[in-house]
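Listed below are the residues making up each chain.
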Amino acid sequence: MITDLDQWRGLGRLLPPGEDEQFVDYFMIGEQEGGLGFLLSRLRDHDLPIPANAVAEAAVTAEEWGVWVRSEDEFRLLPVDESGGRCVRLAGPSGAVAIPDEDLVAWPWLACASCGAGVSRVCRPEPFGPWVPQHYRVEECWYEPEELWEALADLHSCCDDPECRLRWLAALD
Ligand SMILES: [Zn+2]
Ligand SMILES: [Zn+2]
């Protein structure tokens with residue numbers, strides 16, 4: 001699946017009224033990359049804490065639109081609302097882990113607060129040029145690049161918070 005307008009609007013609700021509409025406008029004109037930059041800069045400018053699971057949701061959206069790597073530093077500076085949903089969150093910054101018998105490395109990316117499982121971005125090391133994920137991996141389950149939301153749904157399967165903003169992911173299982 002790919003991000004639809006309802007999901008995008010859901011991310012926009014992290015912003016103050018008025019700016020959420022601007023964020024939706026980016027989607028309507030097909031400027032999702034610009035929209036994500038707008039979201040990150042406005043959250044930081046307002047110093048608006050957001051739940052850790054909203055940070056993870058925004059990170060998956062950024063990955064889908066190819067801007068996660070260049071936005072990672074900004075993501076890590078977002079103020080996190082510790083009283084909000086914490087079921088899944090960004091994994092701490094760390095190096096790549098070689099995958100035995102494969103010419104691939106796994107970057108820890110997202111983590112489950114309940115069981116400690118994670119989503120890794122699995123890349124083929126390139127001496128020049130960007131390392132584009134070939135797969136996503138949740139423990140021993142591998143996902144194709146277009147299945148990154150399914151990988152998040154897998155990671156999120158531990159969550160039993162009835163108020164969780166990511167409840168809709170259960171429909172992807
Ligand atoms: Zn878990
Ligand atoms: Zn949750």
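Residues numbered from 1 in each chain as written. Chains lettered and ligands numbered in written order. Predicted model: local features only at pLDDT ≥ 70, side-chain atom pairs only at ≥ 80, totals over all residues.

Trainee: Looking at this model, I keep getting lost on the overall build of the protein chain. Mind explaining?
Mentor: Counting its regular elements, the protein chain contains six helices and six strands. What you see in the protein chain, going N to C, is helices and strands ordered as α-α-α-α-α-β-β-β-β-β-β-α. Relative to the globule expectation of 16 Å for 173 residues, the C-alpha radius of gyration of the protein chain, 16 Å, shows essentially globular dimensions. Principal-axis analysis of the C-alpha atoms gives the protein chain an extent of 50 × 40 × 25 Å. (Helix = DSSP H or I, 4+ residues; strand = E, 2+ residues; numbered from the N terminus. Rg over C-alpha atoms; globule rule 2.2 N^0.38 Å.)

Trainee: Any chance you could explain the domain arrangement of the protein chain here in plain terms?
Mentor: One frequently used descriptor of interface size is the decrease in accessible area upon assembly of the parts. Looking at the assigned domains, one finds that the protein chain contains domain 1 (5-76) and domain 2 (88-172). On a C-alpha basis, the centres of domain 1 and domain 2 stand 19 Å from each other. Taken together, the 14 residues of domain 1 in the interface contact twelve residues of domain 2. Taken together, the elements giving at least two residues each to the side of domain 1 that touches domain 2 come down to helix H4 (52-64) and helix H5 (68-76). Looking at the side of domain 1 that touches domain 2 element by element, the count peaks at ten residues for H4. (Domains from an automatic or database assignment. Contact = placed C-beta atoms within 7 Å.)

Trainee: I tried to follow the nonpolar core on my own but got confused; where do I start?
Mentor: Among soluble globular proteins, nonpolar side chains are generally buried collectively. If you look at the biggest cluster of nonpolar residues, it comprises 38 residues, and the most contacted ones within it are Val 55, Ala 59, Leu 110, Val 119, Ala 151, Leu 152 and Leu 155. For this core, the two domains that each supply at least three residues are domain 1 (5-76) and domain 2 (88-172). Not counting residues within four places of it along the chain, the set of residues in contact with Val 55 comprises Ile 50, Phe 75, Leu 78, Val 80, Arg 89 and Leu 90. (Core = buried A, V, L, I, M, F, W, Y, C linked by C-beta atoms within 7 Å. Buried ≥ 20, exposed ≤ 12 C-beta atoms within 10 Å, placed from the backbone.)

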